[in-house]
Amino acid sequence: MFSPRIHGDDRGSFHEWFRADLLREHTGYDLKLEQANCSVSARGALRGVHFADVPPGQAKYITCLRGALLDVVVDLRVGSPTFGRWEAVRLDGQNRRCLYIAEGLGHAFLALEDDTTVVYLCSEGYNPGREHGVHPLDPDLAIAWPAGIEPVLSDKDAAAPSLADAQKSGLLPDYEECLDFYASLRG
């Protein structure tokens, strides 16, 4: 996660939300940019857990411009020592935190406020044949979504398989293949 320095005065604020040199310093490679997305969500919109086939996968660099969300990253790489574990971070229009998600990891978020606006840079463009999901409410994942917010899922996300079913069907990325792919990015 990256927390930018925010410069503020009577006019408002300014901050650098993406710095290639800092990302390279933390990951060891550059983020190849192929697509930029903007999502505006109503309170309770639950998007994900999404991931793409590796290689090439789809790395994402995310920030919240307005509103607030709970952003969740899930390790979906079969064979990883942290397989099935997740971490969550609050991104909002005040803290301006940014989150990098590597290829092979799952991504989901829950909008905590109306008009939550999220932008993300992607290393690969959307390819429906290579994009997949795991059900974000799968009890085996046990993601601690905030209480008091009724999640609203797309039909696609509501029909996504459980983690166990996705693993049985061979849908999930392989940890060793992901490590080899990361090494190739470091060149």
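Residues numbered from 1 in each chain as written. Predicted model: local features only at pLDDT ≥ 70, side-chain atom pairs only at ≥ 80, totals over all residues. Heavy atoms only, no water.

The name an unreviewed UniProt entry assigns to the chain is dTDP-4-dehydrorhamnose 3,5-epimerase, from the organism Actinomadura macrotermitis. On record in UniProt, under Sequence similarities (unreviewed entry), the comment for the chain is "Belongs to the dTDP-4-dehydrorhamnose 3,5-epimerase family." (UniProt positions renumbered as here; feature names shortened; annotations may be inferred.)

A. Local environment of the UniProt feature "active site" (unreviewed entry) in the chain. The residues that UniProt annotates with the feature "active site" (unreviewed entry) are His50 and Tyr120. A stretch of 71 residues holds the annotated residues, and the largest C-alpha distance among them is 13.6 Å, short enough that they meet in one place. Cross-referencing the annotated residues with the lining of the largest cavity gives His50. Contacts of His50, omitting those with residues within four sequence positions, involve Lys60, Leu105, Gly106, His107, His132, Gly133 and Asp157. Of note is the side chain of His50, whose polar atom sits 3.4 Å from the backbone nitrogen of Gly48. Relative to the helices and strands, Tyr120 resides in strand β10 (residues 116-122). If near-sequence neighbours (up to four positions away) are discounted, Tyr120 is found in contact with Gln35, Ala36, Asn37, Ser39, Lys60, Tyr61 and Ile62. (1 Å grid on protein atoms, 1.4 Å probe; cavity = no way out; pocket = protein on both sides within 12 Å on 5 of 7 lines; lining within 4 Å. Contact = heavy atoms within 4.5 Å. Polar contact = N/O pair within 3.5 Å; in protein donor to acceptor, adjacent residues only side chain to side chain. Helix = DSSP H or I, 4+ residues; strand = E, 2+ residues; numbered from the N terminus.)

B. Here's a closer look at the nonpolar core. Ranked by internal contacts, the top residues of the largest apolar core, which has 26 residues, are Leu31, Tyr61, Leu91 and Tyr100. Listed by contribution, the elements that provide at least two residues to this core are β5 (60-66), β6 (68-75), β7 (86-92), β8 (98-101), β9 (105-111), β10 and α4 (175-186). Look past the residues within four positions of Leu31 in its chain and what remains in contact with it is Phe18, Leu23, Ala59, Tyr61, Tyr100, Leu121 and Ser123. (Core = buried A, V, L, I, M, F, W, Y, C linked by side-chain atoms within 4.5 Å. Buried < 20%, exposed > 50% of the residue type's maximum accessible area, 1.4 Å probe, protein only.)

C. Expanded view of the packing of aromatic side chains. Across all of its chains, the model carries one aromatic pair by this definition. On the basis of an interplanar angle of 75 degrees and a centroid distance of 5.1 Å, the ring pair of Phe18 and Tyr61 is categorised as edge-to-face. Of this pair, Phe18 sits in the loop between β2 (12-14) and α1 (20-27) while Tyr61 sits in strand β5; the two residues are 43 residues apart in sequence, bridging distant segments of the chain. On the basis of relative accessibility, which here comes to 24%, the residue Phe18 falls in the partly exposed class. (Phe/Tyr/Trp six-rings, centres within 6.5 Å; stacked < 30°, edge-to-face > 60°.)

D. Examining the pattern of salt bridges more closely. If you walk through the whole model with that rule in mind, you get six salt bridges. Here Arg24 makes a salt bridge to Asp30, at a shortest N to O gap of 2.5 Å. A residue is classified by how much of its surface remains accessible, and Asp30, at 45% relative accessible area, is partly exposed. Two residues, Arg77 and Asp75, come together in a salt bridge whose shortest N-O distance is 2.8 Å. As far as the burial class goes, Arg77 and Asp75 line up, both buried. One salt-bridge network, held together by shared partners, links Lys32, Glu34 and Glu124. (Salt bridge = Lys/Arg side-chain N within 4 Å of Asp/Glu carboxyl O.)

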